[in-house]
Amino acid sequence: MTTPPSGPLDFTYETRPARVVFRPGASVTATPGEVARLALHRVLVVCGGRGTEAARAVADALGDSCVGVHTGARMHVPVEAAEEAVEVARAAGADGCVAVGGGSAIGLGKAVALRTGLPLIAVPSTYSGSEMTSVWGLTARGVKRTGRDSSVQPRCVVYDPDLTLGLPVPLSVTSGVNALAHAAEALYAPDASPLVSLMAEEGVRAMAGALPDVAADPGDPRARARALYGAWLCGSCLGATTMGLHHKLCHVLGGTFGLPHAETHTVVLPYTLAHNAPAAPEAMAVLARALETADAPRALQQLAGSLGAPRTLAELGLKEAHLAPAAAQVAAESYPNPREVTANGVLGLLTAAYEGWEPRVENA
Ligand code: NAD
């Protein structure tokens, strides 16, 4: 179990008022009440093409409070998709937005909130954690911009583990490791705090413990609830802190080289942690405790690999010729990281992840 922090206590912790409802069936049983609680009468439900069924069920439950279902969510929120959704919301006279789905659907809801100021309710169906943050993202001509704005933070998050029962195992595993990455980087963030560390440790323990059960029986409601609970905690860590090298690497690999989001997180995380470990011993100790291991990077790689996740960046479509430019791009940007970021250091990390070598903790 956890132990109180032993070092000097010196931190700032900020949280925004966010209401969370967590219950099997909540997407249809709780969302109408949450819409009413915010005094909304004309909400637009947004989702992606594959999330239409769940979104329609929410819309049906909302009855007259719903003015339509917009199915235009796409990965990384292209500006055109955002503009279209804003148009639909305006034309329908919407007074709020309910995003049902993964990070892409919630991202579209955030884009609508950013442009219109409409309040957003999030009903997540993956473990991406976007629902717990005030971070928005928009992609124009292949370049993804992100920013923080309190107007995009969902006013309420409705977690319904039943919605995740049909999340395919490969996506469950990679989305789960995506969540673990938020908790891991929060542990060594410059704005970390004891509460964030507690949430991170519990989030990692819950998610890592649940994933093998989810993979063995994707329809197991207890395992699904535990995984979603972990995703909530990991997403809360993401919302409360500033991410480092790992998230920057995945952002570049996804944004510039077109690699898929959750899969990239899954392959890269063990290597970033091994790279940062010498400069973040306390974070590594927390992760090791939560994962019940002496070597957190290797344990994470084994966990994901044993559940069938991709192991190399080559498998995800990265070319060897991309390694050096990606490393240079990551090293050129500034963001907080416990270990100094150099192009050579990043190239070594990326090469190991490209080849799928065993992640090795080296001296900084
Ligand atoms: P996603 O939302 O693109 O979903 C992946 C696929 O799974 C989609 O085809 C979707 O339709 C399908 N899907 C979703 N839920 C399902 C379910 N329950 N059953 C079956 N299929 C389902 O992917 P994601 O990993 O959830 O989110 C990734 C996106 O979110 C990226 O664009 C990323 O940048 C963004 N994101 C943003 C933040 C933030 O704080 N702003 C945080 C995390 C991720």
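The structure contained in this document is the topic of the report that follows. (Residues numbered from 1 in each chain as written. Predicted model: local features only at pLDDT ≥ 70, side-chain atom pairs only at ≥ 80, totals over all residues. Heavy atoms only, no water.)

## Concerning the site of the ligand
Consideration 1: Around the ligand lies a shell of 21 residues, among which Ser104, Ser125, Thr126, Thr133 and Lys144 are the nearest.
Consideration 2: Residue Ser125 places a side-chain N or O atom 2.7 Å away from a nitrogen atom belonging to the ligand.
Consideration 3: For the shell around the ligand, the element with the highest residue contribution is helix H5 (residues 103-116), accounting for 3 residues.
Consideration 4: Across the shell around the ligand, the residue classes tally to 7 nonpolar, 11 polar and 3 charged.
Consideration 5: For the shell around the ligand, the domains that each give at least three residues are domain 1 (19-164) and domain 2 (169-355). (Near = heavy atom within 4 Å. Polar contact = N/O pair within 3.5 Å; in protein donor to acceptor, adjacent residues only side chain to side chain. Helix = DSSP H or I, 4+ residues; strand = E, 2+ residues; numbered from the N terminus. Nonpolar A, V, L, I, M, F, W, Y, C, P; charged D, E, K, R; others polar. Domains from an automatic or database assignment.)

## A look at the packing of aromatic side chains
Consideration 1: Using the criterion set out here, one finds 2 aromatic pairs in the structure.
Consideration 2: With a centroid separation of 5.8 Å and 40 degrees between ring planes, the pair formed by Phe22 and Tyr159 is classed as tilted. Remark: Tyr159 occurs in strand S8 (residues 156-159) and Phe22 occurs in strand S1 (residues 19-22); sequence separation between them is 137 residues.
Consideration 3: Of the residues examined, Phe22 reaches a relative accessible area of 32% and is grouped as partly exposed. (Phe/Tyr/Trp six-rings, centres within 6.5 Å; stacked < 30°, edge-to-face > 60°. Buried < 20%, exposed > 50% of the residue type's maximum accessible area, 1.4 Å probe, protein only.)

## Remarks on the nonpolar core
Consideration 1: Judged by nonpolar contacts, the single largest core of 50 residues is most densely connected at Tyr127, Leu180, Val204, Met207, Leu269, Leu273 and Leu287.
Consideration 2: Of all the secondary structure elements, the ones that give two or more residues to this core are S8, helix H6 (169-187), helix H7 (194-216), helix H8 (221-240), helix H10 (261-276), helix H11 (281-291) and helix H12 (296-306).
Consideration 3: Split by domain, the residues of this core number at least three in each of domain 1 (19-164) and domain 2 (169-355).
Consideration 4: Non-local contacts of Leu287, meaning those with residues more than four positions away in its chain, are made with Ala184, Leu187, Val204, Leu273 and Ala296. (Core = buried A, V, L, I, M, F, W, Y, C linked by side-chain atoms within 4.5 Å. Contact = heavy atoms within 4.5 Å.)

## Focus on the sheet that holds strand S3 (residues 66-73)
Consideration 1: In space, the 6 strands of this open sheet follow the order S1-S8-S5-S4-S2-S3, with parallel pairing throughout. In this open sheet, the two strands that pair with only one neighbour each are S1 and S3. The sheet shows a mean angle of 20 degrees between the axes of neighbouring strands, direction not considered.
Consideration 2: Bridging between strand S4 (residues 96-101) and strand S5 (residues 120-124) involves 5 bridges; their strand directions are parallel. When the sheet's bridge partners are listed, Val98 is paired in S5 with Ile121.
Consideration 3: Lying on the sheet, H5 is in contact with strand S2 (43-48), S3, S4 and S5; it crosses S4 at an angle near 165 degrees. (Pairing = 2+ DSSP bridges. Axes fitted to C-alpha atoms, helices over the stretch in contact; angles between N-to-C directions.)

## Side note on the side chain of Thr139
Consideration 1: Structurally, the position occupied by Thr139 is in strand S6 (residues 135-140).
Consideration 2: Judged by relative accessible area, Thr139 falls into the buried class, the value being 15%.
Consideration 3: Within polar-contact distance, the side chain of Thr139 engages the backbone oxygen of His76 at 2.6 Å.
Consideration 4: Ignoring anything within four residues of it in the chain, the contact list for Thr139 reads His76, Val77, Pro78, Val79 and Lys144.

## Quick word on the environment of Pro78
Consideration 1: Along the polypeptide, Pro78 turns up in the loop between S3 and helix H4 (79-91).
Consideration 2: Pro78 gets classed as buried once you look at its relative accessible area, which sits at 12%.
Consideration 3: Placed 59 residues apart in sequence, Pro78 and Gly137 show a C-alpha to C-alpha distance of 8.9 Å.

## Description of unusual backbone geometry
In terms of backbone geometry, most residues other than glycine have negative phi values and most peptide bonds are trans.
Consideration 1: A positive phi angle, near 65 degrees, is found at His76, a position not held by glycine.
Consideration 2: Mapped onto the elements of the fold, His76 is located in the loop between S3 and H4.
Consideration 3: Positioned with a positive phi, Glu292 is a non-glycine residue whose angle comes to about 55 degrees.
Consideration 4: Mapped onto the elements, Glu292 comes out in the loop between H11 and H12.

## Description of the pattern of salt bridges
Consideration 1: A full pass over the atoms with the stated rule returns 6 salt bridges.
Consideration 2: The shortest N-O distance in the salt bridge between Glu34 and Arg19 comes to 2.7 Å. With a gap of 15 residues between them, Glu34 in helix H2 (residues 31-37) and Arg19 in strand S1 connect regions that are remote in the sequence.
Consideration 3: The buried category is assigned to Glu34, whose relative accessible area is 6%.
Consideration 4: Across the salt bridge formed by Arg205 and Glu202, the nearest N and O atoms sit 3.8 Å from each other. Taken together, the residues Arg205 and Glu202, both in helix H7 and 3 residues apart, mark about one turn of the helix.
Consideration 5: We classify Glu202 as partly exposed; its relative accessible area is 28%.
Consideration 6: A network of salt bridges, in which partner residues are shared, links Glu201, Glu202, Arg205 and Arg289. (Salt bridge = Lys/Arg side-chain N within 4 Å of Asp/Glu carboxyl O.)

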